[in-house]
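What follows is the residue order along each chain.
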Amino acid sequence: SGSGGKEGSGSGKSGGNDFQNTTVPTTYDEMFMFNAAVMGFGGRSWMNEVLASFDVIVRNVANSYRLQEECDVLSLRMAKHKGNINLAEYKAVMLASLRSL
């Protein structure tokens, strides 16, 4: 029932220009950035570090040596960030993004 309103609003020619300039996220990275902004986590720069490493980590999950290397690199990159890092926030955005694709 939630998507019915979107389809009707965006397809009508007599409506405003609101939906004409909006690009729909089609990749995981795009959906993640969109959901992070919507969920109020857009200012978390450390999330970009995890996002940049996420694909490589997932691709190498079967290779434990390479997976450990990627996790070590990510931990070093995240250590440079000031403030708190709450991985539960990343998890929430990740699950919302995967659900949307």
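So, here's what we can say about the structure.

How each quantity is defined
- Residues numbered from 1 in each chain as written.
- Predicted model: local features only at pLDDT ≥ 70, side-chain atom pairs only at ≥ 80, totals over all residues.
- Heavy atoms only, no water.
- Helix = DSSP H or I, 4+ residues; strand = E, 2+ residues; numbered from the N terminus.
- Buried < 20%, exposed > 50% of the residue type's maximum accessible area, 1.4 Å probe, protein only.
- Contact = heavy atoms within 4.5 Å.
- Areas by Shrake-Rupley, 256 points an atom, 1.4 Å probe, with all protein chains shown as cover.
- Expected span 1.5 Å × (residues − 1).
- Polar contact = N/O pair within 3.5 Å; in protein donor to acceptor, adjacent residues only side chain to side chain.
- Salt bridge = Lys/Arg side-chain N within 4 Å of Asp/Glu carboxyl O.
- Axes fitted to C-alpha atoms, helices over the stretch in contact; angles between N-to-C directions.
- Parallel < 35°, antiparallel > 145°, perpendicular 65-115°, else oblique.
- Left-handed = near helix turned anticlockwise from the far one by under 90°.
- Nonpolar A, V, L, I, M, F, W, Y, C, P; charged D, E, K, R; others polar.

**With respect to the overall build of the protein**
Thinking step 1. Helix and strand content of the protein: 5 helices and 0 strands.
Thinking step 2. Along the protein, helices (α) and strands (β) appear in the sequence α-α-α-α-α when read from the amino end.
Thinking step 3. When the 101 residues of the protein are sorted by exposure, 24% land in the buried category.
Thinking step 4. Counting only contacts in the protein whose residues sit at least 6 apart along the sequence, the fraction spanning at least 24 positions is 68%.
Thinking step 5. Total accessible area on the protein stands at roughly 7300 Å², and carbon and sulfur atoms take up 54% of it.

**Description of helix H5 (residues 87-100)**
Thinking step 1. The terminal C-alpha atoms of H5, which comprises 14 residues, lie 20 Å apart, in line with the 20 Å expected from a rise of 1.5 Å per residue.
Thinking step 2. Among the residues of H5, the N-terminal cap falls to Asn86, whose side-chain oxygen and the backbone nitrogen of Ala88 are separated by 3.1 Å.

**Considering the pattern of salt bridges**
Thinking step 1. Under the definition given, this model contains 4 salt bridges.
Thinking step 2. The shortest N-O distance in the salt bridge between Glu89 and Arg44 comes to 2.9 Å. One end of the pair, Glu89, is in helix H5; the other, Arg44, is in the loop between helix H2 (28-38) and helix H3 (45-59), with 45 residues separating them in the sequence.
Thinking step 3. By relative accessible area, which is 14% here, Glu89 ends up buried.
Thinking step 4. Looking at Arg44, the relative accessible area reads 29%, which means it is partly exposed.

**A short note on the side chain of Ser97**
Thinking step 1. Topologically, Ser97 is positioned in helix H5.
Thinking step 2. In this view, Ser97 contacts Tyr28, Met31, Phe32 and Asn35; residues no more than four positions away in its chain are not counted.

**Looking at the packing of H2 against H5**
Thinking step 1. As a packed pair, H2 and H5 sit with axes 9 Å apart at the nearest point and diverge in direction by 125 degrees. What the angle tells us is that H2 and H5 run oblique. Considering only the axes of H2 and H5, their crossing is right-handed. Two secondary-structure elements touch here, H2 through Tyr28, Met31, Phe32, Asn35 and Ala36 and H5 through Tyr90, Val93, Met94, Ala96, Ser97, Leu98 and Ser100.
Thinking step 2. Considering only residue class, the contact of H2 with H5 consists of 9 nonpolar, 3 polar and no charged.

Limitation: the analysis is restricted to geometry and does not speak to function.
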